[in-house]
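Descriptive analysis of the structure
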Number of protein chains: 2
Amino acid sequence: MLWKKITVAVPNDFDQEIISDIFMRVGAQGTELVDDENDNVKTKINSYFDENNYDEKILNDLKQQLKALPKFGFDITGVEVSVSEMDDSSWENEWKQYYHPVKISRYLTVVPNWVDYQPKYADEHIIVMDPGKSFGTGTHPTTYSCMQALELILGDAESMYDVGTGSGILSIQARQLGVKDIKAYDLDPEAVRAAKENIQLNPGCEDIEVFENSLLDGVEGKVDVIVANILQDIIQQFIPDIDRHLNKNGFVVLSGIINEKEALITEKMAGIGFVVLEAFHLKGWSTLICRRKEEYEAEDGAILR
Amino acid sequence: MLWKKITVAVPNDFDQEIISDIFMRVGAQGTELVDDENDNVKTKINSYFDENNYDEKILNDLKQQLKALPKFGFDITGVEVSVSEMDDSSWENEWKQYYHPVKISRYLTVVPNWVDYQPKYADEHIIVMDPGKSFGTGTHPTTYSCMQALELILGDAESMYDVGTGSGILSIQARQLGVKDIKAYDLDPEAVRAAKENIQLNPGCEDIEVFENSLLDGVEGKVDVIVANILQDIIQQFIPDIDRHLNKNGFVVLSGIINEKEALITEKMAGIGFVVLEAFHLKGWSTLICRRKEEYEAEDGAILR
């Protein structure tokens, strides 16, 4: 079968979620976020349409909606649209090109489910992922440094909410790091389906619960860790809910923030009584490890935990 | 025995190495760097003098030299000097207060040699340290995030230079992470002695070589990783030597840089053809993971390694 791949390339300071929204509005089933292979931090949002479901109208609608963005105050300078064709075999190769085993740290490698990967060390852990069509597998910097952060803070945590779980990878990692009670949420039913499938690929993770839900809306209860690897404007919406969902001495990990917006998020977190303890900067993106200021100050001498 | 402890408290943007230098010039045997227990990022530099070797002249000389700093362009606003007395028993308690087990990540805890610590997980590693008088054990943010960075990048590396090894902790960690050939250097003979002693406390590390040496002066050969947890002005001196001592596809980890000086180091590294891939910000300090730009760009799609 032939596929049409529409690519929107955006500069680093443009909100990718907006592009994904537009894709969905013109009829896409999902979108794929990939970094440009070059050194600059430009990101590409791809969507794939099989030839039976594609016509020129989709492309035109997309371009029209992009053109309308300046009306809403968005600067679309540097945003580029392109289309390419692929048959199924190149599709497969396309995926394989992007989704090779990814070393997150000395102790963790993410492996696509079609790769036979042998760990190099007895204490090396593996997460198996089916990249699917729309969700990352740790190769995007926001997911990558979010996983690094989880590796550094998890250990004593018993429970976690994974807000905007996408592929489910962070929940799988948290279970492997010993978190017993994990609930994952995503607004997108396709993400929920993908997360559930990936969870089944990783022994010991089967009971992680995934729900179709907008952020923590309507969620009751508290956890030891809240992780959110979503975009900065979505994180802002959700910050007011953090405090009442977090246990005493809990951690919050926020990712998906472009460096330029880090100060804004730090300020918003300060507004709810939280401090950023550590920030990771990776390819233009920031990941933040946060705690309640008061609790952190009371814990004399601790750096992170 | 009675001890005099002289403390110089410096605000975050003041170079601590200068204070250490002054301490050494007025007769100190070593200095200890500790974070203030409060939330602000003020740092204290302590030095201990036994009562037989202490007189008021030491304190006066120290104060005189501090007062002279503005002549050399240094702003000493916020620098405070204080003296306290301790007997041996309070000395011991003093250490115990600062040097409890420190969790660096899910996989690594640093344990003082007088503490009986039981790992919580089968794959949790331990580094045993004798805090000694003058060198950190992972509780200072520059060492802490440097260890985090090593955990993320080590795995394939065979060889490492540890420049300014201090307590030897980074070399011990690197060996535990599988680096076979490690050479550690320090200008200070006391550090060399302390590093050798700490190395002996950690099984499997005995053959790590420690040398009294200024940076990499006179050192021949190349390694896969160069780590330097020293201060930013010392790092600058040593940057021109990095390229010729680093194997193809090698990593450089630089720590001890205050956030405000990070851009300067990034620029100096760019000047020798290196990029900063990831930066960690912890309590006012930056730790940088660097590679050669050309090699990194050739490795299509890799984020760190």
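The present account deals with the structure reproduced in this document. (Residues numbered from 1 in each chain as written. Chains lettered and ligands numbered in written order. Predicted model: local features only at pLDDT ≥ 70, side-chain atom pairs only at ≥ 80, totals over all residues. Heavy atoms only, no water.)

1. As for the side chain of B:S167
Let me state the cut-off plainly: The secondary structure listing takes helices from DSSP runs of H or I that are at least 4 residues long and strands from runs of E that are at least 2 residues long, numbered from the N terminus. We define a polar contact as two N or O atoms separated by no more than 3.5 Å, with the added condition that, inside protein, one atom must be a possible hydrogen donor and the other a possible acceptor, whereas residues neighbouring each other in sequence contribute only through side-chain atom pairs.
Following the sequence through the fold, B:S167 ends up in the loop between β8 (159-163) and α5 (169-176). In this structure the side chain of B:S167 is engaged in a polar contact, spanning 3.4 Å, whose partner is the backbone nitrogen of B:I169.

2. Brief notes about unusual backbone geometry
Positive phi is not limited to glycine here, since A:K283 has a value of about 50°. In this fold, A:K283 is placed in the loop between β13 (274-282) and β14 (285-292). A positive phi angle, close to 45°, is found at B:L215, a residue other than glycine. Summarising the element assignment, B:L215 is placed in the loop between β10 (209-212) and β11 (223-229).

3. Concerning the sheet that holds strand β5 (residues 102-105) of chain B
All names here are of chain B. Applied cut-off: For two strands to pair, DSSP has to find at least two bridges joining them. As a rule, the C-alpha atoms of each element are fitted with a line to give its axis, helices using only the stretch in contact, and angles between N-to-C directions run from 0 to 180 degrees.
With mixed pairing, the three strands of this open sheet are ordered in space as β5-β6-β7. Each of the sheet's edge strands pairs with one partner strand only, and the pair in question is β5 and β7 (125-129). In this sheet, neighbouring strand axes are inclined to one another by 25° on average, regardless of whether the strands run parallel or antiparallel. By the bridge criterion, three bridges tie β5 to strand β6 (residues 108-112) in an arrangement that is antiparallel. Bridging from a neighbouring strand, K103 pairs with T109 of β6.

4. Brief notes about helix α4 (residues 141-153) of chain B
All names here are of chain B. What counts here: Every helix has an expected span of 1.5 Å times one less than the residues it contains. In this scheme, a residue with accessible area under 20% of its type's maximum is buried, one over 50% is exposed, and one in between is partly exposed, where area comes from a 1.4 Å probe on protein chains only.
In a regular helix each residue adds 1.5 Å, so 13 residues correspond to 18 Å; α4 covers 18 Å between its end C-alpha atoms and thus fits that length. α4 sits mainly inside the fold: 13 of its 13 residues count as buried. Two residues or fewer after α4 comes G155, characterised by a positive phi angle close to 150°.

5. Some thoughts on the environment of B:A157
Residue and element names in this part refer to chain B. To keep it simple, the criterion reads: A contact between two residues is defined here by any heavy atoms of the two lying within 4.5 Å.
Here A157 is to be found in the loop between α4 and β8. Judged by its relative accessible area of 12%, A157 is buried. Each C-alpha atom, one on A157 and one on A174, is 9.2 Å from the other, the two residues being 17 residues apart in sequence. Those residues in contact with A157 that lie beyond four places of it in its chain are G178, V179, D224 and V225.

6. Considerations on the packing of aromatic side chains
Residue and element names in this part refer to chain A. Applicable threshold: Any pair of Phe, Tyr and Trp rings, taking the six-membered ring for Trp, is counted once the centres come within 6.5 Å. Such a pair is stacked with planes under 30 degrees apart, edge-to-face with planes over 60 apart, and tilted for the rest. Cation placement over rings: the criterion is NZ of Lys or CZ of Arg within 6 Å of the ring centroid and within 35° of the ring normal.
Within the structure shown, the criterion is met by eight aromatic pairs over all chains. When the centroid spacing of 6.0 Å and the interplanar angle of 55° are considered together, the rings of F49 and Y54 count as tilted. Take F49 and Y54: they sit in the same class, and that class is buried. Taken together, the ring pairs in this structure connect Y161, Y185 and F211 into an aromatic cluster. Just above the ring of Y107 sits the side chain of R106; from NZ or CZ to the centre is 5.0 Å.

7. Regarding the relation of the copies chain B and chain A
Note that the two copies of the chain are related through a rotation about an axis and a translation along the same axis. Applied cut-off: The superposition of copies rests on a least-squares fit of C-alpha positions from residues with pLDDT of 70 or more in both.
Superposing chain B onto chain A requires a rotation of 180° together with a translation of 0.0 Å along the rotation axis, leaving an RMSD of 0.2 Å. Here the copies are linked by what is in effect a two-fold axis. Judged by C-alpha distance, B:F280 is the residue of chain B that lies nearest the rotation axis, at 2.4 Å. Mapped onto chain A, 100% of the interface residues of chain B again fall at the interface, so both copies present the same surface.

8. Structural notes on empty space enclosed by the protein
Summary: where empty space remains is shown by rolling a probe the size of a single water molecule over the atoms. Counted only if it meets this: Note on definitions: the grid is 1 Å and covers protein atoms alone; a cavity is a set of points where a 1.4 Å probe fits but cannot get out; a pocket is an open set with protein on both sides within 12 Å along at least five of seven lines; lining residues have an atom within 4 Å of a point. Grid points are joined across faces, edges and corners, and a volume is the space filled by probe spheres set on the points. Under the scheme applied, nonpolar residues are Ala, Val, Leu, Ile, Met, Phe, Trp, Tyr, Cys and Pro; charged residues are Asp, Glu, Lys and Arg; polar residues are all the others, including Gly.
Enumeration according to the criterion identifies four cavities of 30 Å³ or more in this entry. Contributing to the lining of the largest cavity are A:Y107, B:Y107, B:L108, B:H125, B:E151, B:Q173, B:Q176 and B:L177. When the residues that make up the lining of the largest cavity are grouped by side-chain class, the tally is four nonpolar, three polar and one charged.

9. Some points on the interface of chain B and chain A
What counts here: Buried area adds together the accessible area that both of two parts lose upon being put together, with accessible area traced by a 1.4 Å probe. When a carboxyl oxygen of Asp or Glu lies within 4 Å of a side-chain nitrogen of Lys or Arg, that pair is called a salt bridge.
Residue-level contacts link 39 residues of chain B with 39 residues of chain A. Regarding the contact of chain B and chain A, the summed buried area is about 3,700 Å², with carbon and sulfur atoms giving 50% of it. Broken down residue by residue, the surface that chain B buries against chain A is led by B:R106, B:Y107 and B:I303, which jointly contribute 17%. Counting the contacts that link chain B with chain A gives two salt bridges. Between A:K120 and B:D156 there is a salt bridge, with the nearest N and O atoms lying 2.8 Å from each other. Broken down by secondary-structure element, the contributors of at least two residues to the side of chain B that touches chain A are β5, α4, β13 (274-282) and α10 (293-298) of chain B. Of the residues contributing to the side of chain B that touches chain A, the split by class is 16 nonpolar, nine polar and 14 charged. Where β13(A) lies against β13(B), five bridges are found, and the strand directions are antiparallel.

10. Focus on the pairing of strand β9 (residues 181-186) of chain A
On a regular strand, each side chain points to the face opposite its neighbour's, so the side chains alternate between the two faces of the sheet. All names here are of chain A. Rules: When the strands point away from the viewer, a crossover counts as right-handed if the route from the first strand across the helix to the second turns clockwise.
Both strand β8 (residues 159-163) and β9 contribute to a ladder of five bridges, which runs parallel. Bridge pairing in β9 links M160 to I182. Handedness of the β8-helix α5 (residues 169-176)-β9 crossover: right-handed. Sheet topology note: the β9/strand β10 (residues 209-212) ladder contains four bridges and is parallel. When the sheet's bridge partners are listed, D186 is paired in β10 with E212. After leaving β9, the chain enters helix α6 (residues 189-200) and then returns to the sheet as β10, a path that is right-handed.

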